[in-house]
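Examination of the molecular architecture
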There are 2 protein chains.
Amino acid sequence: MTFTNIRRQIASLKNLPSAARQTQIRERFAARPGVSVSGLALEFEVSAMTIRRDLAVLEDQAHIQRTHGGAVLTQRMMLEFDYRGRRENNGAAKKAIAREARKLVQSGQRIILDTGTTTLELAVLLKDALNLTVITPSLAVASELQHAPGVEVILLGGVIRRGSPDLTGPATEHCLELFAADLAFQGADGIGLNGAIYNSDLRLARVDKIMRRVATRSCVLADHSKIGQTALARNGTLADVDFFITNTAAPAASLKRFARLGPKIITVQP
Amino acid sequence: MTFTNIRRQIASLKNLPSAARQTQIRERFAARPGVSVSGLALEFEVSAMTIRRDLAVLEDQAHIQRTHGGAVLTQRMMLEFDYRGRRENNGAAKKAIAREARKLVQSGQRIILDTGTTTLELAVLLKDALNLTVITPSLAVASELQHAPGVEVILLGGVIRRGSPDLTGPATEHCLELFAADLAFQGADGIGLNGAIYNSDLRLARVDKIMRRVATRSCVLADHSKIGQTALARNGTLADVDFFITNTAAPAASLKRFARLGPKIITVQP
DNA sequence: GTGTAAATGTTATAATATGTTCGTTTAGCT
DNA sequence: AGCTAAACGAACATATTATAACATTTACAC
């Protein structure tokens, strides 16, 4: 393919994968209150049927409402909380760890979900839970679960960290003290070789400590890359938690040492 | 290999090492909302399978999501709420009222912003405030002010009402008790002719009552259409507030009666 | 060179997306 | 209301893409 052809593709929005096309359709609503099937078909150079199917998908996600000849925005408010584009590593391991953590959750429980990418993956898996109460300082978790019919979301109060979709500070700590939960899930920015648990933010560390106190049992989720790392603030040790879930790439020697501290160690294949 | 050969290779995007190709792919997202496997395979002159493997790697470490035919960016996270029904009436009046309310706010203050469309307009005007602390149960207000450099946002905790972008419940009430503020701004769903203030939600009414208690002074914002309306829950009367801001379309007789209750009445031209 | 590991290509099969046709429904018009 | 042209959606046919398993090439150390 020549360079000119590539440029033309970029400009003409041709040959986009379907999900990208659907995103583009959504963005059309920013400028106009409604879109037309025929117009979009011309613009993306696909058949009208394809556009209809795209609109059906978007309607299913409750973003838009179909009309004859096109679609309009549903009356809804979209709140954007941007988050710093931290690069996520070991996405597959985190997903696997979250799947294992999901098994610890039972209907009717009240659970605490900490801030973090791994706990966010767990939130995704909890969407179909029944009669669950989720207490969280993370706007991302709240966002993920807000439409889950079987889940009541309680957002902890607190200061919104700039550039980060979560709440911290003394208010969060006080607010957390109001609750009692069956199970707390926490991430970590580092797990020392002696079992110390580290956060990169002092305020998060304080919150994590309280989480464990108000929850009957607690569970730390961390992929193998965290083991041996330290960070700014130590919020406790693995001796304080009931479960530690990591992936099998974690060094066996460390896991043995951790097990002696008390928590049940669970490893998953990434 | 000669330097010239290397240059030619780079220019044609052929024979790139995998990491370099993946970086190139990431840069494609700057220009396009999504990439296609087939397009990239042609462009880099590698097989589609290689591109798929590249995308799998990128999915693990960057913020992209694989789709059929390619991948899309997954950068933004948004909280979406069903926009609870009623289209906004008297938008101009609400904006004017908010402009007047803005004048009551001074640098360095801690203020409480209630849930509601009028208070949300006020939040928009507070974006350029300096050294301000805003305490609110409204996710919409928090979203609006999260990037304001001179404003610290404290979100009250609580249950996320399904389809409503705000927090209520006992947790919100407890959380609110932790604070003291200089000034509270509240909306209202109705103002009785005798000065009673009404909310359409019982839990919101309880929260509003506490807001006035923890704030030194309070201010009710309501356009003229609310006067003479009643709603489910009475949260107090205008005798409890310090300012009442409405638009000039409000009946003069009612305003006179309200003034006798104590609050300073401010009217604005819509 | 030779061995080894990583990267890439190939193939077969399953899954998904798209286009087309056609009978039915809808919106807009007189 | 009744008419008409457009739009819809179901069903099928076709084309594209994904995945896994295996074969091949490349890169690099020795």
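The rules behind these values
Residues numbered from 1 in each chain as written. Chains lettered and ligands numbered in written order. Predicted model: local features only at pLDDT ≥ 70, side-chain atom pairs only at ≥ 80, totals over all residues. Helix = DSSP H or I, 4+ residues; strand = E, 2+ residues; numbered from the N terminus. Buried ≥ 20, exposed ≤ 12 C-beta atoms within 10 Å, placed from the backbone. Contact = placed C-beta atoms within 7 Å. Near = placed C-beta within 6 Å. Nonpolar A, V, L, I, M, F, W, Y, C, P; charged D, E, K, R; others polar. Core = buried A, V, L, I, M, F, W, Y, C linked by C-beta atoms within 7 Å. Axes fitted to C-alpha atoms, helices over the stretch in contact; angles between N-to-C directions. Parallel < 35°, antiparallel > 145°, perpendicular 65-115°, else oblique. Left-handed = near helix turned anticlockwise from the far one by under 90°. Pairing = 2+ DSSP bridges. Arc of directions from axis to C-beta. Right-handed = clockwise from strand over helix to strand, strands pointing away.

**With respect to the overall build of chain A**
- Scanning chain A from terminus to terminus reveals 10 helices and 16 strands.
- For chain A, buried positions account for 43% of its 270 residues.
- A separation of at least 24 residues holds for 58% of the contacts in chain A among residues at least 6 apart in sequence.

**A word on the protein's contact with DNA strand D**
- Around DNA strand D lies a shell of 16 residues, among which Val37(A), Gly69(A), Val37(B), Ser38(B) and Gly69(B) are the nearest.
- Where the surface near DNA strand D is concerned, the elements lending two or more residues are α3 (37-44) and α4 (48-60) of chain A together with α3 (37-44) and α4 (48-61) of chain B.
- The residue makeup of the surface near DNA strand D, split by class, is 6 nonpolar, 8 polar and 2 charged.

**Considerations on the protein's contact with DNA strand C**
- Neighbouring DNA strand C are 13 residues; Ser47(A), Met49(A), Thr50(A), Val46(B) and Thr50(B) lie closest to it.
- Of all the elements in the fold, those that place two or more residues in the surface near DNA strand C are α4 of chain A together with α4 of chain B.
- Per element, the largest residue contribution to the surface near DNA strand C is 3 residues, and it comes from α4(A).
- Among the residues forming the surface near DNA strand C, the class breakdown is 4 nonpolar, 8 polar and 1 charged.

**Looking at the nonpolar core**
- Grouped together as the largest cluster of nonpolar side chains are 104 residues, with contacts concentrated most on Phe185(A), Val134(B) and Phe185(B).
- Counting residues in hydrophobic clusters, the runner-up holds 24 residues, among them Ala19(A), Ile25(A), Ile25(B) and Leu40(B).

**What about the packing of α3(A) against α4(A)?**
Residue and element names in this part refer to chain A.
- In contact at an axis separation of 8 Å, α3 and α4 are set at 110° when each is read in the N-to-C sense. With respect to each other, α3 and α4 are oriented roughly perpendicular. The two elements α3 and α4 cross, and the hand of that crossing is right-handed. Between α3 and α4, the residues in contact are Val37, Ser38, Leu40 and Ala41 and Ala48, Ile51 and Arg52, respectively.
- Grouping the constituent residues of the contact of α3 with α4 by class yields 5 nonpolar, 1 polar and 1 charged.

**Description of the sheet that holds strand β14 (residues 233-237) of chain A**
All names here are of chain A.
- Taken in spatial order, the 3 strands make up an open sheet running β11-β12-β14, and their pairing is antiparallel. What marks the edges here is a single partner per strand, and that holds for β11 (190-191) and β14.
- Pairing between strand β12 (residues 196-199) and β14: 4 bridges, direction antiparallel. When the sheet's bridge partners are listed, Asn199 is paired in β14 with Ala233.
- Here helix α9 (residues 202-214) sits on the sheet in contact with β12 and β14, set at roughly 15° to β14.

**Details of α3(A)**
All names here are of chain A.
- Regarding α3, the residues found buried are Val37, Leu40 and Phe44. Mapping the buried residues of α3 onto a view down its axis gives an arc of 70°, with all of them on the same face. In this structure, α3 carries Ser38 and Leu42 as exposed residues pointing more than 90 degrees from its buried face.
- Once α3 ends, the next one or two residues include Glu45, with phi positive near 55°.

**Here's the deal with the pairing of strand β7 (residues 151-155) of chain B**
- For β7(B), the buried fraction is high: 4 of the 5 residues fall into the buried class.
- Relative to β7(B), strand β8 (residues 158-160) of chain A runs antiparallel, the two sharing 2 bridges. Residue pairing across strands places Val159(A) opposite Ile154(B), the latter belonging to β7(B).
- Here 5 bridges tie strand β6 (residues 132-136) of chain B to β7(B), and the two strands are oriented parallel to one another. Within β7(B), the residue paired with Val134(B) across the bridge is Val153(B).
- Following the chain from β6(B) across helix α7 (residues 139-145) of chain B to the adjacent parallel β7(B), one finds a crossover that is right-handed.

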